[in-house]
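Structure assessment
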Amino acid sequence: MEKHSSALKVMVIDDSKTIRRTAETLLKNVGCEVITAIDGFDALAKIVDHHPHIIFVDIMMPRLDGYQTCALIKSNRAFKSTPVIMLSSKDGLFDKAKGRIVGSDQFLTKPFSRDELLSAIRAHVPAFNIVQTAQ
């Protein structure tokens, strides 16, 4: 029997194990359910199964980069309104502009802080008060 959780479902897509683990730890500590993916192809398969409330995606990944992944997510009617936050170690204007073109909702520069992650969630998924769900 599938267990449905009322926790905020957050997907983190990054080819860096360190970034995935860091984000997962920070988010689980405030009561989020975290789904991780190593690249865009892995993420697309998991998105359909898990229906995350918000997605964080790295720009530079092998096989399917963050821009392509975001564009595919946003072109799917079922996930068009799901917030996608781009992650990059570069803080360039070009990267931010390209992210907007493919439909991203926000851009965070790595390394990100706990507060930056939580503030992005609060901004894009206001129905979830993650501070109150922390145990």
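The shown structure was predicted, so the numbers you read here are calculated from the model rather than taken from an experiment. Once a new chain begins, its residue numbering starts again from 1 and follows that chain's sequence as written. pLDDT decides what is reported in this predicted model: residues at 70 or higher carry local features, side-chain atom pairs at 80 or more are listed and counted, and totals for whole chains, interfaces and linings draw on all residues regardless. Hydrogens are left out, water is left out, and the side-chain values use all remaining heavy atoms of the structure.

**A closer look at the packing of helix H1 (residues 17-28) against helix H5 (residues 114-124)**
Lines are fitted to the C-alpha atoms to define the axes, a helix being fitted only along its stretch in contact, and any angle between axes, read from their N-to-C directions, falls within 0 to 180 degrees. Numbering of helices and strands starts at the N terminus; helices are DSSP runs of H or I of at least 4 residues and strands are runs of E of at least 2. The N-to-C vectors of H1 and H5 enclose an angle of 65 degrees; their axes lie 10 Å apart at closest approach. Classed by the angle they form, the pair H1 and H5 counts as roughly perpendicular. Where H1 crosses over H5, the handedness of that crossing is right-handed. Facing Ala23, Leu26 and Leu27 of H1, the residues of H5 in contact are Arg114, Leu117, Leu118 and Ile121. Gly is put with the polar residues, along with every residue not named as nonpolar or charged; the nonpolar set is Ala, Val, Leu, Ile, Met, Phe, Trp, Tyr, Cys and Pro, and the charged set is Asp, Glu, Lys and Arg. Partitioning the contact of H1 with H5 into residue classes produces six nonpolar, no polar and one charged. Comment on the angle field: the value is read as roughly parallel under 35 degrees, roughly antiparallel over 145, roughly perpendicular from 65 to 115, and oblique elsewhere. In this scheme, a crossing is called left-handed if the near helix is turned counterclockwise away from the far one by less than a right angle; it is called right-handed if the turn is clockwise. Residue contacts are counted whenever heavy atoms from the two residues lie within 4.5 Å of one another.

**Considerations on the UniProt feature "modified residue: 4-aspartylphosphate" (unreviewed entry) in the protein chain**
UniProt positions are given in the numbering used here, feature names are shortened, and annotations may be inferred rather than shown by experiment. Mapped onto this numbering, the UniProt entry annotates "modified residue: 4-aspartylphosphate" (unreviewed entry) at Asp58. Note on placement: aspartate 58 falls in strand S3 (residues 54-58). Its relative accessible area of 4% is what places aspartate 58 among the buried residues. Sequence-distant contacts of aspartate 58, defined by excluding residues within four places in its chain, comprise Ile13, Asp14, Asp15, Gly66, Leu87, Ser88 and Lys110. When accessible area is computed with a 1.4 Å probe and restricted to protein chains, residues below 20% of their type maximum are described as buried, those above 50% as exposed, and intermediate ones as partly exposed.

**Points about the environment of arginine 21**
By the secondary structure assignment, arginine 21 is in helix H1. Of the residues examined, arginine 21 reaches a relative accessible area of 53% and is grouped as exposed. As for arginine 21 and leucine 44, which are separated by 23 residues in sequence, their C-alpha atoms are 19 Å apart.

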